[in-house]
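# Tertiary structure, described
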Amino acid sequence: MQRVFSGIQPSGVPTLGNYLGAIRNWVPMQDTTDCIYCVVDLHAVTAFQAPAQLLAQTREMAAALIACGLSPEKCVLFVQSHVPAHAQLGWLFNCVARIGWLNRMTQFKDKAGKDREAASAGLFVYPNLMAADILAYHANVVPVGDDQRQHLELANDIAQKFNHDYGVDFFPRIEPMIQGVAARVMSLRDGTKKMSKSDPSDQSRINLNDSDDAIADKIKRAKTDPDVLPDNLAALDARPEARNLVGILAAVTGTTPEAVLAEHAGKGFGAFKPALADALVAHLAPIRAEMNHLLQDPGALDAALRRGAEKADAIAAPILARTMDIMGFLPRR
Ligand code: AQP
């Protein structure tokens, strides 16, 4: 029996990286599998979010997910803070995970930057809450971008330690599903850094609500090199920006980087970039239009999310209650 879980933080407008690395892969699964998708607002506040902005971004994220093809009728789509089991199981997992495990998380190091002492405690224990998000549903398949691989290994360590410490076979093993030619989309300003919705530079990313002109402008200004495109992928190993743009074109046109190179070998970026911008505009404009349409009726959006939370709660609350029984908490009733 498979159950899929994945989440996305409302810490900004979703980017092309979120879309190609995660959201796009979520859509076909809802037709064949039991899928639970969540706007993880409790994760977003591990970095400060202005209240009005958090509220707007949460609705924007939900609208983007639906505009990308998720259907609240086919999958369970909801906001994390509406289902208390996430935070409660997250606390229990804070007591299972070891500090040494968390100290090895590269995302914490990247996000905390040089001043580790000034990062929120929430940012440090973020992977424990992520483990709770998944395991509160006994989900065993997690489609994510490549940047989340290490967190999923930690979630499995938590599940395994819990099962071992309490002598049970309660939490399942989680299988990461990391797929596609764009499992890690890089920043348009620096091909060694991943594209991120909270990057201070808006030029570093394509947002799903960017206008056609903004998309074309960002691609035009994207960092590249003076060389022409080669006829083989290995020749792009030391050219991260070129490799990234080739991967993006392959992903949005449903082909492979090799096929893109076969078509564009020998061209410079002056010729390649307009082709990439056109393909992106063609792919993203309908998503943006649908997103804007959905945001015109926030009441309907909120109601759909509330219905999703009820369905999610009905699955997670009994699993949390069973976890607490196993641990020896006094039953509430
Ligand atoms: N650049 C990326 N390429 C491929 N996949 C990506 N994902 C994120 N960035 C890329 C995938 O998107 C999903 C949702 O991510 P998230 O919002 O939970 O957190 P994140 O990975 O930290 O994404 P961002 O955009 O970088 O957000 P901020 O800036 O707030 O930290 C995940 O499946 C992730 O792998």
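My aim in this report is to walk through the structure given alongside it, one point at a time. What you are looking at is a predicted structure, and each value in this text was computed from that prediction instead of being measured.

Conventions and cut-offs
- Residues numbered from 1 in each chain as written.
- Predicted model: local features only at pLDDT ≥ 70, side-chain atom pairs only at ≥ 80, totals over all residues.
- Heavy atoms only, no water.
- Helix = DSSP H or I, 4+ residues; strand = E, 2+ residues; numbered from the N terminus.
- Rg over C-alpha atoms; globule rule 2.2 N^0.38 Å.
- Buried < 20%, exposed > 50% of the residue type's maximum accessible area, 1.4 Å probe, protein only.
- Contact = heavy atoms within 4.5 Å.
- Areas by Shrake-Rupley, 256 points an atom, 1.4 Å probe, with all protein chains shown as cover.
- Lys, Arg positive; Asp, Glu negative; His and termini not counted.
- Charge placed at Lys NZ, Arg CZ, Asp CG, Glu CD.
- 1 Å grid on protein atoms, 1.4 Å probe; cavity = no way out; pocket = protein on both sides within 12 Å on 5 of 7 lines; lining within 4 Å.
- Points joined across faces, edges and corners; volume = space filled by probe spheres on them.
- Expected span 1.5 Å × (residues − 1).
- Polar contact = N/O pair within 3.5 Å; in protein donor to acceptor, adjacent residues only side chain to side chain.
- Near = heavy atom within 4 Å.
- Nonpolar A, V, L, I, M, F, W, Y, C, P; charged D, E, K, R; others polar.
- Salt bridge = Lys/Arg side-chain N within 4 Å of Asp/Glu carboxyl O.
- Core = buried A, V, L, I, M, F, W, Y, C linked by side-chain atoms within 4.5 Å.
- Domains from an automatic or database assignment.

Before going further, it helps to examine the overall build of the protein. From N to C terminus, the protein includes 13 helices and five strands. Its C-alpha radius of gyration of 21 Å places the protein within 12% of the 20 Å reference for a compact globule of 333 residues. Projected onto the principal axes, the alpha-carbon positions of the protein cover approximately 70 × 45 × 40 Å. In the protein, buried positions account for 52% of the 333 residues. Sequence separation of 24 or more characterises 77% of the internal contacts of the protein that already satisfy a separation of 6 or more. When the accessible surface of the protein is split by element, carbon and sulfur atoms take 53% of a total near 15200 Å². The averaged location of the 37 negative side-chain charges in the protein is 3 Å from the averaged location of its 34 positive side-chain charges.

Another point: empty space enclosed by the protein. On inspection of all chains with the given rule, the structure shows one cavity of 30 Å³ or more. Within this model, the largest cavity holds a volume of roughly 40 Å³. Around the largest cavity, the lining residues are Q107, F108, L123, Y126, P127 and H151. Those elements that place two or more of their residues in the lining of the largest cavity are α6 (106-112) and α7 (121-135).

This part takes up helix α10 (residues 240-253). Across its 14 residues, α10 extends 20 Å between first and last C-alpha, which sits within 8% of the 20 Å expected from 1.5 Å per residue. When you tally the buried positions in α10, you get eleven out of 14 residues, the bulk of the element. Within α10, burial applies to E241, A242, N244, L245, V246, G247, I248, L249, A250, A251 and V252. On its buried face, α10 sits against α1 (16-29), α11 (257-264) and α12 (269-295). Looking one or two places after α10, you find G254, whose phi comes out positive at around 65 degrees.

Okay, the layout of surface pockets next. Here the idea is plain: a probe the size of a water molecule rolls over the atoms and shows the empty space left. Roughly 720 Å³ of volume is contained in the largest pocket. Taken together, 43 residues line the largest pocket, and the ones lying closest to its centre are Q9, D147, Q148, K194 and K197.

Glancing now at the side chain of D41. Tracing the sequence through the fold places D41 in helix α2 (residues 41-44). Separated by 2.5 Å, the side chains of D41 and S81 make a polar contact. Contact partners of D41, with chain neighbours within four places excluded, come to P10, V79, Q80 and S81.

Here the focus is the site of the ligand. Among the 22 residues in the neighbourhood of the ligand, the closest are listed as K111, D147, S196, K197 and S198. K111 has a polar side-chain atom sitting 2.5 Å from an oxygen atom of the ligand. Taking S196, its side chain carries an N or O atom lying 2.4 Å from an oxygen atom of the ligand. When the ligand is considered free in solution it has 640 Å² of accessible area, and contact with the protein chains removes 98% of it. Mapped onto the shell around the ligand, the elements with two or more residues apiece are β1 (3-8) and α1. Ranked by the residues each element gives to the shell around the ligand, the list is headed by α1, at four residues. Here the residues of the shell around the ligand are counted per class, giving seven nonpolar, ten polar and five charged.

Our next topic: the pattern of salt bridges. A side chain of one charge can pair with a side chain of the opposite charge if their charged atoms are brought near each other. Across all of its chains, the model carries 16 salt bridges by this definition. A salt bridge links D146 to R149, with the nearest nitrogen and oxygen atoms 3.0 Å apart. A salt bridge links K193 to D199; its shortest N-O distance comes to 3.2 Å. On the accessibility criterion, D199 (11% relative accessible area) is buried.

In this section: the nonpolar core. One finds L16, Y37, F272 and L280 to be the most contacted residues of the largest nonpolar core, which totals 61 residues. Considering every element that reaches this core, the biggest residue donor is α12, with eleven residues. Two domains share this core, each providing at least three of its residues, namely domain 1 (3-177 + 297-327) and domain 2 (202-293). Contacts of L16, omitting those with residues within four sequence positions, involve V185, M195, I206, L208, I248, L280 and L284. The next biggest cluster of nonpolar side chains, apart from the first, holds 46 residues, and it includes F5, L123, L152 and I326.

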